[in-house]
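Geometric and topological summary
Residue-level listing of the chains:
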Amino acid sequence: MESLASICETLLPPLPLRSFEGKDDQSSKAMESFYKASGSQTPIPDEAAELLVKRAIIEAVILVRVILWVLATRLGTLLLCGSLCLSKKWPFVYKFSQLSLEKREKTLQKWFKHRFLTPIRVAFLYIKSLCLFNFFSRVNEKAENPTWEAIGYHVDTAKDPSEVPKKRPLDKGVVETMRETDSTLVQSLDQKGIRTQLDSKQNLFKIECDVVVVGSGCGGGVAAAMLACSGHKVIVLEKGNYFTATDYSSLEGPSLEQLYVAGGLLSSTDGGVFVQAGSTVGGGSAVNWSACIKTPNTVLKEWAGDCKIPLFGSSEYLSAMDIVCERIGVTGNCVEEGLQNQVLRKGCENLGLKVEYVPRNSSESHYCGSCGYGCRKGDKKGTDSTWLVDAVDHGAVILTGCKAERFVLEENMSGRSKRTKRCLGVIAKSLSNNITKRLEIKAKVTISACGALLTPPLMISSGLKNHNIGRNLHLHPVVMAWGYFPESNTELKGKSYEGGIITSVHKVFGADSEVRAIIETPALGLGSFSGLIPWESGLDMKKRILNYARTSNLIAIIRDSGSGEVKTEERLSYKLDTSDRENLRAGLRQALRILIAAGAVEVGTHQSDGQRFKCKGVNGKEVEDFLDTISVVGGPLSMVENWTTVTSAHQLGSCRMGVDDKQGAVDLNGESWEAEGLFVCDASVLPSAVGVNPMITIQSTAYSLSKRIAESLEREPFSKAS
């Protein structure tokens, strides 16, 4: 821990007041406390270590442990730090923790730039990200962080009872297993009309229904509603827990832990992509940024033509999009935009570029920058307040805190299809320690809707072998540009974390009139901001953090051609292809132009060297010269000095539809090519990337597929296992 604490102190060191010349209110206690704050103060290193063990892949944990052990020795420090650890006095060679802060900083700077010892910089990227994220997102018992006042960051934890709906709309259909025991679970299910049978030999509770849906997000929520409204007894399994507006805190650290896969700290195995995906009742729809963009016509034509999937060229799908938009209350305008969207709009208008309002599943007056942590105003209409309400109103039961382990498959003797297996249902377990028995839920139809990151591992762990399962993973990769707008710029009002998250969009077109990227704005809490921005020095990091509230971030999102794999939970690989890098570069350059045109005094990227450009008094040629330096290279493991980290909030295509089992993991109705009665209704069935925020596409696809499943059950009911 000594080595880790010394690294944390180097990343965020205590500094003298004179280091921050020009900052207002330097004499205030809050600012003085911020200057003195250190990454090594208790319990930051211990909590960073806990996060590493809990959230990082095992290879990263081992790597970090080995490096910390090496740095705890003089010889190891000499090997990794070279002459910086030498002294003319005894003991002549110092351990890393014994080096001066200045020498430790030089060492980290060297490691972050080293193009050959890339595993070392991956290890320090993990430490840097987790240390800073934890430092700036952790809160005390009063839901406060002592650094926030100096930074100008404020989380509104007060609730106006008149504005927040108190009703829990799913209560009559929800069984929260985290609150149950073996005996009370049986009683709770019985009250919901679900009969259980105890199998003592197998230590199982056996349950039967018509349809079991694994997942409650954009796919599962819609599928559950469609099938329950068709008269079928539906059970929904959700690994996450049930929260409503009154439960959300808007606190970044606790919210990510409660509402996201891997606590919001999931990355690819090479550390090159940071990925966020929802894990709560409502899935991604409960925590996404509200953008409701219909599937582009060019994408529909490609899927209908090149991929030979008639659904996407049909009036049936167009109608589904209209129905989905109506059900989730999509609106087309925004009454008041937050700082980041003001910047995007002003920059585009000053450049003569087209900027459009983004439709949202909320009211036009919705002004909430924390919907990524759940909408505390109850205004956003995710599946938890729309489709799942329809489902429980028609008798569906939702089991929360309940994780599917595998599908129950047997040899198919029905003779109705060429599929060699038949799905009988699912085996699941509660994540509560008070429930010791697993659940065996038998159903006529089983639907996997746990998202593109979790559906493939579940299918693979169940014994399915189709080579498309877990492949073709698209991430809509994102790169960020930032611009600093001092408070003195009174034309642009507010702070970066206030206001609707995505209310404006600009499309970047290529010479062929095809969209190369779209420019939007992200939700970036202080912890995530500190973990993602480049580290150049301790002083620079603290200066960047002090500018957080008026740093406007723009994101460039592309429709990726490259793809990755996910075959095991929380382990994914991903690779951009050449065209993806060029499109990201085009989007990033345009984002920087927009920030400069909007009046930023300084702009930059998240390239590891802290690439930036001061804008005051510059001419057009100087701007273009800077833009010519912009590139999107590989991640921290790539053999380059300056590397780029990519992020993703959309995961698609990992169990895609196909006309046959060579082209896809499921058929054109979403049914597994291998197992009769097993369907997929989530983002993983999409043939490729969409290129825009995919919520409407996922819900419309799930609507169409589940409607077909309901019709097939009426025509020729699947038989349950005996």
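The structure under discussion appears in the preceding block.
Described in the following lines is the structure provided in the data block.

The rules behind each value
Residues numbered from 1 in each chain as written. Predicted model: local features only at pLDDT ≥ 70, side-chain atom pairs only at ≥ 80, totals over all residues. Heavy atoms only, no water. Helix = DSSP H or I, 4+ residues; strand = E, 2+ residues; numbered from the N terminus. Rg over C-alpha atoms; globule rule 2.2 N^0.38 Å. Buried < 20%, exposed > 50% of the residue type's maximum accessible area, 1.4 Å probe, protein only. Phe/Tyr/Trp six-rings, centres within 6.5 Å; stacked < 30°, edge-to-face > 60°. Lys NZ or Arg CZ within 6 Å of the ring centre and 35° of its normal. Expected span 1.5 Å × (residues − 1). Contact = heavy atoms within 4.5 Å. Axes fitted to C-alpha atoms, helices over the stretch in contact; angles between N-to-C directions. Parallel < 35°, antiparallel > 145°, perpendicular 65-115°, else oblique. Salt bridge = Lys/Arg side-chain N within 4 Å of Asp/Glu carboxyl O. Patch = residues over 30% accessible without salt bridge, like charges linked within 9 Å, V, L, I, M, F, W, Y side chains within 5 Å. Areas by Shrake-Rupley, 256 points an atom, 1.4 Å probe, with all protein chains shown as cover. Core = buried A, V, L, I, M, F, W, Y, C linked by side-chain atoms within 4.5 Å. Pairing = 2+ DSSP bridges. Disulfide = S-S within 2.5 Å. Left-handed = near helix turned anticlockwise from the far one by under 90°. Nonpolar A, V, L, I, M, F, W, Y, C, P; charged D, E, K, R; others polar. Arc of directions from axis to C-beta.

Check the secondary structure of the protein chain and you find 22 helices and 22 strands. Rg of the C-alpha trace for the protein chain: 26 Å, near the compact-globule value of 27 Å for 722 residues, within the 12% margin. Seen through its C-alpha atoms, the protein chain measures out along the principal axes to roughly 80 × 60 × 55 Å. A total of 722 residues make up the protein chain; the buried ones form 60% of that total.

Our next topic: the packing of aromatic side chains. If you walk through the whole model with that rule in mind, you get 15 aromatic pairs. With centroids separated by 4.8 Å and ring planes inclined at 65°, the aromatic side chains of W303 and F312 adopt a geometry described as edge-to-face. An aromatic cluster of at least three residues, connected via ring pairs, comprises W148, Y153, Y497, F529 and Y548. Lying over the aromatic face of Y357, R345 brings its terminal NZ or CZ to 4.0 Å of the ring centre. Here the guanidinium or amino end of K542 rests over the ring plane of F34, the centre of that ring lying 5.4 Å away.

It is worth spelling out helix α7 (residues 118–137) at this point. Helix length check: α7 (20 residues) gives 28 Å between terminal C-alpha atoms against 28 Å at 1.5 Å per residue, within 8%. Burial of α7 is extensive: 19 of the 20 residues sit out of reach of the surface.

The subject of this paragraph is the environment of P477. Inspection of the secondary structure puts P477 in the loop between α17 (455–461) and β12 (478–484). Residue contacts for P477: discarding those within four places in its chain leaves A556, I557, I558, D560, Y574, L576, L584, V646 and T647.

Moving on to the side chain of S255. You can see S255 is positioned in helix α11 (residues 252–259). Not counting residues up to four positions away in its chain, the partners in contact with S255 are S249, S250, Y260 and Y373.

So, about the packing of helix α4 (residues 58–71) against helix α5 (residues 74–81). Contact geometry of α4 with α5 gives a least axis separation of 6 Å together with a crossing angle of 110°. The angle between the axes of α4 and α5 places the two elements in the roughly perpendicular class. Residues I67, V70 and L71 of α4 pack against G76, T77, L80 and C81 of α5.

Let us look at the pattern of salt bridges. Scanning the entire structure with this criterion turns up 42 salt bridges. Between D247 and R168 there is a salt bridge, and its shortest N-O distance comes to 3.0 Å. Here the residue D247 occupies a position in the loop between β4 (234–238) and α11, and R168 occupies one in the loop between α8 (148–151) and β1 (174–176), the gap between them amounting to 79 residues. The class of D247 is partly exposed, set by a relative accessible area of 34%. In this structure, R559 engages E302 in a salt bridge whose closest nitrogen and oxygen atoms are separated by 3.0 Å. Of this pair, R559 sits in the loop between β15 (551–557) and β16 (564–568) while E302 sits in helix α13 (residues 297–305), and the two are 257 residues apart along the sequence.

Once that is clear, we can look at a nonpolar patch on the surface. The grouping of L75, L78, L79 and L86 at the surface amounts to a nonpolar patch, some 400 Å² of accessible area in total. Residue position: L79 is located in helix α5.

In this structure, F124, L237, I441 and I447 are the most contacted members of the largest nonpolar core, which totals 178 residues. Residues in contact with I447, not counting those within four places in the same chain, are V211, V212, V213, V214, A223, L227, F679, C681 and I709.

Note that the residue after T42, namely P43, is joined by a cis bond; omega there is 0°. One non-glycine residue, A143, adopts positive backbone phi at about 60°. The residue A143 is located in the loop between α7 and α8 in this model. Even without being glycine, S250 reaches a positive phi, approximately 70°. Along the chain, S250 turns up in the loop between β4 and α11. For S250, a relative accessible area of 6% puts it in the buried group.

Below, the discussion takes up the pairing of strand β10 (residues 421–430). For β10, the buried fraction is high: 8 of the 10 residues fall into the buried class. The pairing of strand β9 (residues 402–411) with β10 spans 9 bridges and is classified as antiparallel. Looking at β10, one finds that V408 is bridged to G425. Relative to strand β21 (residues 675–676), β10 runs parallel, the two being bridged by 2 bridges.

Here, disulfide denotes a covalent bond that connects the sulfur atoms of two cysteines. Counted according to the given criterion, the structure contains 0 disulfides. C85 takes part in no disulfide bond, and the closest cysteine sulfur, belonging to C81, lies 5.8 Å away.

Remark: helix α1 (residues 2–11) packs on α7, axes separated minimally by 10 Å, with the N-to-C direction vectors making an angle of 70°. In terms of axis orientation, α1 runs roughly perpendicular to α7. In the packing of α1 onto α7, the handedness of the crossing is right-handed. Here L4, I7, C8 and L11 of α1 come into contact with α7, specifically with F124, I127, K128 and C131. Its residues assigned to classes, the contact of α1 with α7 shows 7 nonpolar, no polar and 1 charged.

Our focus in this paragraph is the environment of M31. Residue placement: M31 occurs in helix α2 (residues 29–36). Owing to a relative accessible area of 6%, M31 belongs among the buried residues under this scheme.

This part takes up the side chain of H232. If you trace the backbone, H232 turns up in the loop between α10 (220–229) and β4. For H232, a relative accessible area of 13% puts it in the buried group. For H232, the residues in contact, after removing those within four places along its chain, are D210, V211, L227, A710 and L713.

One can find V174 in strand β1. Remark: the alpha-carbon pair of V174 and V397, spanning 223 residues in sequence, is separated by 5.8 Å. With sequence-adjacent residues up to four places away left out, V174 is seen in contact with K192, Y242, I398 and T400.

Attention now moves to helix α9 (residues 182–191). Of the positions making up α9, those classed as buried are D182, L185, S188 and L189. Buried residues of α9, seen end-on, are gathered within an arc of 120° and therefore sit on one face of the element. Where α9 is buried, its residues touch β1, β2 (196–199), β3 (204–214), β8 (397–400) and β11 (438–448). Immediately beyond the C-terminal end of α9, within one or two residues, lies G193, with a positive phi of roughly 85°.

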